[in-house]
Amino acid sequence: MSTVRDWAAPNPVTENRSGLIGKPVDRYEGRLKVTGAAPYAFEVETPAPPLYGHIVSSTLAKGRITAIDTSAAAAAPGVVLAWSHLNVPAQAARGTRLNPRSQRASNPALESDRIEHYGQSVAFILADTPENARAAGGLVRIAYAAEDADLDFLSSLDSAIPAPGEEDARVGDFEAGYAASQVTVDGTWFSPLQNHAQMEPCATTAWWEGEKVVVHTSIQMVKGGQHALAETLGIPSDRVRLFTRYIGGGFGGKGQSYDDLTLAALAARESGRPVRVAYTRQQMFQATIHRPAVQMRVRLGADRSGRLNAMALEAVTHCARNAPFVEHAASFARNLYAAPHRLTGHRLVLLDIPHAGAMRAPGEAPGMLSLECAMDELAEKLGLDPIELRIRNEPEVDPDNAKPFSVRQLVRCMQEGAQQFGWSRRHPTPGAVRDGRWYVGMGMATAIRGNFLLPAKAGLRLTGDGVATLTQGMTDIGTGTYTILAQITGETLGLPLDQVRVELGDSEMPPAPGSGGQFGAATAGSAAFETGMVMRRRLAELATGDPRSPLYGEDPTLMDFANGNIVLGNRSDSLAALASRAGPEGVYVEGGISPAADARDWSQHTYGAQFAEVGVDSVTGEVRLRRMFGVFAAGRILNAKLAKSQITGGMIWGVGAALTEANVVDPRDGSFLHQDLGGYLAPVHADIVNLDAVLLDEADDKANPMGIKGVGELGICGAGAAIANAVYNACGVRLRDYPLTPDKVLAALEAKGL
C-alpha cells in the first residue's frame, strides 16, 4: 500500500493520454437503473420463494412495555412467526464487540421492554406476503407505562452539556478581542431538524447457506454492516456475507445498519427461508437517523477597514439521550477566515427522540447558515461589498493550526463567480429592485468542506478476452462510483471503457471505507489507481520475461499502455494475449492506498462560492428562486457530468434548507409531525430554475496520487446562506429562523411596515 508520497510525478491518470479522466462519461450502471434491471436490496433474486417481514413501531416517546400480546397476529392468515422482546432469538448485548477490530458493535432488535423513542421497533411479523405481514402487525396489542420525556429542544437549552470528549477551541483571547473591536455583529440562528428522505427505504433480503448468512442490504459502509450483524448474532464476521450493490440514496442516513438487517437475518435463520424486510416511508422518518436541530450564536468583531479581530461560533444541538452525536456546526469556521482571536465550541441537549446522526455535509450545512449570514451583516455595517469583506479576511495559512494550504482557490471562486453571475448589477440597498409585486435581490456566500483520504484496497483481474474487472468492497449510493472507477481503470491500463468491468458492494471483496464524508471518490479511486499500477508492473514483467512476447528481454520500466496493448516503440503485445498466456484465470493483483506520512502537514479542503437571486412576494411572503450559480474548486475532476450533478444536487439541498425543509416533534408522543414526502417539503423540479455550477481546473498533489477530491457535500455548503442573504437584499428582512417560509417572511414584512 502506498504510504510514501511520490504523488507529484506524472502518472497515467494525470497524463490522461486516453482522455478518459474528466470526460462526461454516461453512468456505468445508468441503463440498468432506468430500465429497472438493477436489483436493489429488496429486489434481489432469492434461492427460494421469500417470506416478508413487517416491523411494528412504538407509539410513545419514553417508558416501557407492560404487556404485549402477539397471539392474534401469530394466528392471522399467512403468518409464520410473531416476535416481541419476550420471544425474539438471543442476540449479543448492545455495544458488544467480540472482535475488538470490528468497525461496529452489536445492535440487537427488540432487546427489552424499554422504550427510548417514538418509532422504536417493538414487534416483528413474518408472513407469506407483505400485505399479510403488515395486516397482522396491526393485530399486535401493546400496553405501555409512559414516562416523562424531554422532547423540546429550544426549551431545553439551559440543560445543554459540553460535547463528550471535546473542549471549546480557543485562539487568542476572544472576549478581549471582541470588546476592543470597532464594529460588531452578535446574532443567533436556528436550523431545524431535517430528514434524509432517500428514494429507497432501508431494506434487507437475507438467507442462510449452512452456517453463513447472506444479506443484501441498503447501507453505505460494507464492512460496518457486516461487522454490526456479526457482532449482533455473535458469529465471526466471515460468516456474514453482505452485498450492497445498488443503493437508492444514502446522504449519511444509511451510514449505519438498522433493525431491518438484524431481523431479516434472524427470521431467515428461524424460518429456513429467504426473508425480505423493508421500512415503510413513515418508519424511515422515525426509525432512522436525522439531522438534529442546531442553535448557533455568531459574534464577529472587526476594525473599520473590515479586518476581523474576533470571531466566535458556538453551536448547541440535540441528540438522543443514549446515543450522543455532535453536529459539528462550528468546526468549519476554524479554517475559513483569518482572525487573531477566535472561539468555537459545541454543546448537546439530550432528548427522548430518535437518534440524530450524519446528514449530507454534517456540520458545514447548518453551520454556514449562520456565519455566512453574519458576514453579510458585518459587510453592511462596514459599507463593504460582501465579497470584498471576505477577501480582506483571506488567511495566508490555516487560521486554526498555521499549516500551509495544499491548494486554496476560494478567492478565485468568489471573483469568477461574481463575474459570471453578474454580481456587479446587485443593488446594495435592500428593497431597491422591484418586479411588479416582487422584491428582487442577490446574495452570496462561501463554501468550505474538508478533504479526506482513508485506507482502501482493490482487486483487478485481466482475462484472456482483454477485459479488466475491478473489484472493491465499496458502495455507489447514486453518486457515480461505478463510473469513475471504470474511468480510472481504463485510463491506467490504456483500455477503452467497453473493456472495463466494475464490481462493488461485496464484503468478500478487498475492503474500502464506503461512501460518505466526501471521501469516497478520492479514497476508492486512489486504491483503484494504485491497483492498476500494480497490474501495469505485473504485465510489464510478464511481457518482458516471456520469450513468446515481442517485448521479451526489454526493460519493464519502459513499457507504456495504450489501446489495449503494452507498447515499447514500434513493438507491442496485446493485454488479452498476455492474460491468455498467463493461465485460464488470467492475471489478478491487489493494491491499496493509505494517507501519506506527511498528510497532516497540510490543510486540505474544497472550496466554493454560491450566488443566488430571489424574488420575495410582497403580498404573500413567498420566496422564489430566480437563479443560482456556484463556482467550486475540488481537485481534479474525474467526470465532468457526474461532478456537476453532485454539486448542483447539493445546491438544491441548500435551497431546501433555506426555504422549505423542517420537521417538528409532537409534544404529545415524541413523533415527528411530517412522516411522508407530502408533509416534509423537499424541493421539487418546479422549485428549481436557472441553476448552474462551474468547477475550476485544479489538481491537489498533496491529496492523493491523482490530485482528486470529493464534491458530494461541497455543493450544499453555503447555498442556503446565499439565499438568505439574497432575501435580505431583496426586501430588507433578516430572518435567522430557518426555513424562511412565507408566514415568517410576511410577518417580518408587516413588522417593517412593508
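Structure: see above.
Criteria and thresholds
Residues numbered from 1 in each chain as written. Predicted model: local features only at pLDDT ≥ 70, side-chain atom pairs only at ≥ 80, totals over all residues. Heavy atoms only, no water. Helix = DSSP H or I, 4+ residues; strand = E, 2+ residues; numbered from the N terminus. Rg over C-alpha atoms; globule rule 2.2 N^0.38 Å. Buried < 20%, exposed > 50% of the residue type's maximum accessible area, 1.4 Å probe, protein only. Contact = heavy atoms within 4.5 Å. Lys, Arg positive; Asp, Glu negative; His and termini not counted. Charge placed at Lys NZ, Arg CZ, Asp CG, Glu CD. Salt bridge = Lys/Arg side-chain N within 4 Å of Asp/Glu carboxyl O. Expected span 1.5 Å × (residues − 1). Polar contact = N/O pair within 3.5 Å; in protein donor to acceptor, adjacent residues only side chain to side chain. Pairing = 2+ DSSP bridges. Axes fitted to C-alpha atoms, helices over the stretch in contact; angles between N-to-C directions. Core = buried A, V, L, I, M, F, W, Y, C linked by side-chain atoms within 4.5 Å. Phe/Tyr/Trp six-rings, centres within 6.5 Å; stacked < 30°, edge-to-face > 60°. Lys NZ or Arg CZ within 6 Å of the ring centre and 35° of its normal. Parallel < 35°, antiparallel > 145°, perpendicular 65-115°, else oblique. Nonpolar A, V, L, I, M, F, W, Y, C, P; charged D, E, K, R; others polar.

> Sorry, what's going on with the overall build of the chain here?
In terms of regular secondary structure, the chain is built from 17 helices and 28 strands. Here the C-alpha radius of gyration of the chain, 27 Å, is about what a compact globule of 754 residues would show, namely 27 Å. Seen through its C-alpha atoms, the chain measures out along the principal axes to roughly 85 × 75 × 50 Å. Of all 754 residues assigned to the chain, the portion counted as buried reaches 59%. Partitioning the intrachain contacts of the chain with sequence separation of at least 6 by distance along the chain shows that 81% fall at a separation of at least 24. Between the averaged position of the 70 positive side-chain charges in the chain and that of its 83 negative side-chain charges there is a distance of 2 Å.

> Where do I start with the pattern of salt bridges in this structure?
Close approach of charged atoms lets side chains of opposite charge pair. One pass over the full model with this rule turns up 44 salt bridges. A salt bridge links Glu 698 to Lys 709; the nearest nitrogen and oxygen atoms lie 3.7 Å apart. Taken together, the positions of Glu 698 in the loop between strand S28 (691-695) and helix H16 (719-731) and Lys 709 in the loop between S28 and H16 put the pair eleven residues apart, joining distant regions of the chain. With a shortest N-O distance of 2.9 Å, Lys 709 and Asp 700 are connected by a salt bridge. For Lys 709, a relative accessible area of 4% puts it in the buried group. In this structure Asp 700 comes out as buried when scored by relative accessible area, which is 0%. Each member of the salt-bridge network shares a partner with another, and the members are Lys 62, Asp 150, Arg 321 and Asp 352.

> Looking at this model, I keep getting lost on helix H6 (residues 222-233). Mind explaining?
Owing to its 3.6 residues per turn, the α-helix aligns residues three or four sequence positions apart on the same side. In a regular helix each residue adds 1.5 Å, so twelve residues correspond to 16 Å; H6 covers 17 Å between its end C-alpha atoms and thus fits that length. Among the residues of H6, those classed as buried are Val 222, Lys 223, Gly 224, Gly 225, Gln 226, His 227, Ala 228, Leu 229, Ala 230, Glu 231, Thr 232 and Leu 233. Buried residues along H6 sit against strand S10 (203-209), strand S11 (212-217), strand S12 (240-243) and helix H7 (259-271). Just beyond H6, the residue with positive phi is Gly 234, at close to 70°.

> What is the right way to read the side chain of Thr 344 from this model?
For Thr 344, the location among the structural elements is in strand S16 (residues 341-351). A polar contact of 2.6 Å, which involves the side chain of Thr 344, links it to the side chain of Arg 334. The residues contacting Thr 344, other than those within four sequence positions of it, are Asp 168, Ala 169, Leu 313, Ala 330, Ala 333 and Arg 334.

> Can you walk me through helix H9 (residues 364-382) in this structure?
Over its 19 residues, H9 extends 26 Å from the first C-alpha to the last, a length consistent with the 27 Å expected when each residue adds 1.5 Å. Counting buried positions along H9 gives 17 out of 19 residues, so the element sits mostly inside the fold. Trailing H9 by a residue or two, Gly 383 shows a phi angle of about 70°, which is positive.

> It is not clear to me how the sheet that holds S12 should be interpreted in this structure. Could you clarify?
By definition, the strands of a sheet pair up through backbone hydrogen bonds, in either a parallel or an antiparallel sense. Read across the open sheet, the seven strands follow the order S3-S5-S1-S13-S10-S11-S12; overall the sheet is mixed. With one partner strand each, in any of the chains shown, strand S3 (79-83) and S12 form the two edges of the open sheet. The average undirected angle you get between the axes of adjacent strands in this sheet is 20°. Taken together, the three bridges between strand S1 (residues 51-57) and strand S13 (residues 275-278) define a ladder with parallel strand orientation. Paired with Leu 51 across the strands is Val 275, a residue of S13. The sheet contacts of H6 involve S10, S11 and S12, and relative to S12 the element is tilted by about 145°.

> Honestly, the pairing of S13 in this entry has me stumped. Any pointers?
Successive side chains on a regular strand alternate, one facing one side of the sheet and the next facing the other. Summarising the sheet, S10 and S13 pair through four bridges and their orientation is antiparallel. Looking at S13, one finds that Ala 206 is bridged to Val 275.

> Just to check I follow, could you spell out the nonpolar core for this structure?
For soluble globular proteins, nonpolar side chains are generally found buried alongside one another. Within the largest apolar cluster, 93 residues are counted, with the highest numbers of intra-cluster contacts made by Leu 300, Leu 313, Leu 371, Leu 378, Val 614 and Val 616. The residues contacting Val 614, other than those within four sequence positions of it, are Tyr 439, Val 440, Gly 441, Val 623, Arg 624, Leu 625, Arg 626, Ile 723, Ala 726, Val 727 and Ala 730. Among the nonpolar cores identified, the runner-up in size contains 49 residues, and Leu 493, Leu 495, Val 500 and Ile 566 belong to it.

> I tried to follow the sheet that holds S28 on my own but got confused; where do I start?
Reading across from one edge, S17-S18-S26-S27-S28 is the order of the five strands in this open sheet, with mixed pairing throughout. Each having just a single partner strand, strand S17 (434-435) and S28 make up the two edges of the open sheet. Relative to strand S27 (residues 623-633), strand S26 (residues 605-617) is paired through ten bridges, and the arrangement is antiparallel. Within S27, the position partnered with Val 614 by the bridge is Leu 625. Packed onto the sheet, helix H11 (residues 410-421) meets strand S18 (438-450), S26, S27 and S28 and runs at close to 30° relative to S26. Running at roughly 130° to S28, helix H15 (residues 640-659) makes contact with S26, S27 and S28 of the sheet.

> Any chance you could explain the packing of aromatic side chains here in plain terms?
Working definition: an aromatic ring pair is given by the centre-to-centre distance plus the angle between the planes. Scanning the model with the defined rule gives eleven aromatic pairs in all. Relative to Tyr 246, the ring of Tyr 40 lies with its centre 6.3 Å away and its plane at 55°, an arrangement referred to as tilted. Within this pair, whereas Tyr 40 is found in the loop between helix H2 (30-34) and S1, its partner Tyr 246 is found in the loop between S12 and H7, the two being separated by 206 residues in sequence. Each of the two residues, Tyr 40 as well as Tyr 246, counts as buried. Taken together through their ring pairs, the aromatic side chains of Tyr 28, Tyr 40, Tyr 246 and Tyr 482 make up a single cluster. Lying across the ring of Phe 405, Arg 408 places its NZ or CZ 4.7 Å from the centre. The side chain of Lys 702 reaches across the aromatic face of Trp 602, ending 4.5 Å from its centre.

> Any chance you could explain the environment of Leu 154 here in plain terms?
Assignment of secondary structure puts Leu 154 in the loop between strand S6 (141-146) and strand S7 (161-162). Overall, the relative accessible area of 42% leaves Leu 154 in the partly exposed class. A C-alpha to C-alpha distance of 66 Å links Leu 154 and Glu 541, two positions 387 residues apart in sequence.

> What exactly am I supposed to notice about the pairing of S16 here?
Of all eleven residues making up S16, eight are buried, and the element is well covered by its neighbours. Note: S7 against S16, two bridges, orientation antiparallel. Opposite Pro 162, over in S16, you have Arg 347 as the bridge partner. As judged from the eleven bridges shared by strand S15 (residues 308-320) and S16, these two strands associate in the parallel manner. Residue pairing across strands places Ala 315 opposite His 346, the latter belonging to S16.

> Would you take a moment to explain the packing of helix H13 (residues 520-544) against helix H14 (residues 575-582) for this structure?
When two helices pack together, their arrangement is given by the angle between the helix axes and by the axis-to-axis distance. Where H13 meets H14, the closest approach of the two axes is 10 Å, and the angle between their N-to-C directions is 75°. Looking at the two axes, H13 sits roughly perpendicular to H14. Touching Leu 539, Leu 542 and Ala 543 of H13 are Leu 575, Leu 578 and Ala 582, all from H14. Its residues assigned to classes, the contact of H13 with H14 comprises six nonpolar, no polar and no charged.

Everything listed here is a matter of coordinates, which is why it stays silent on function.
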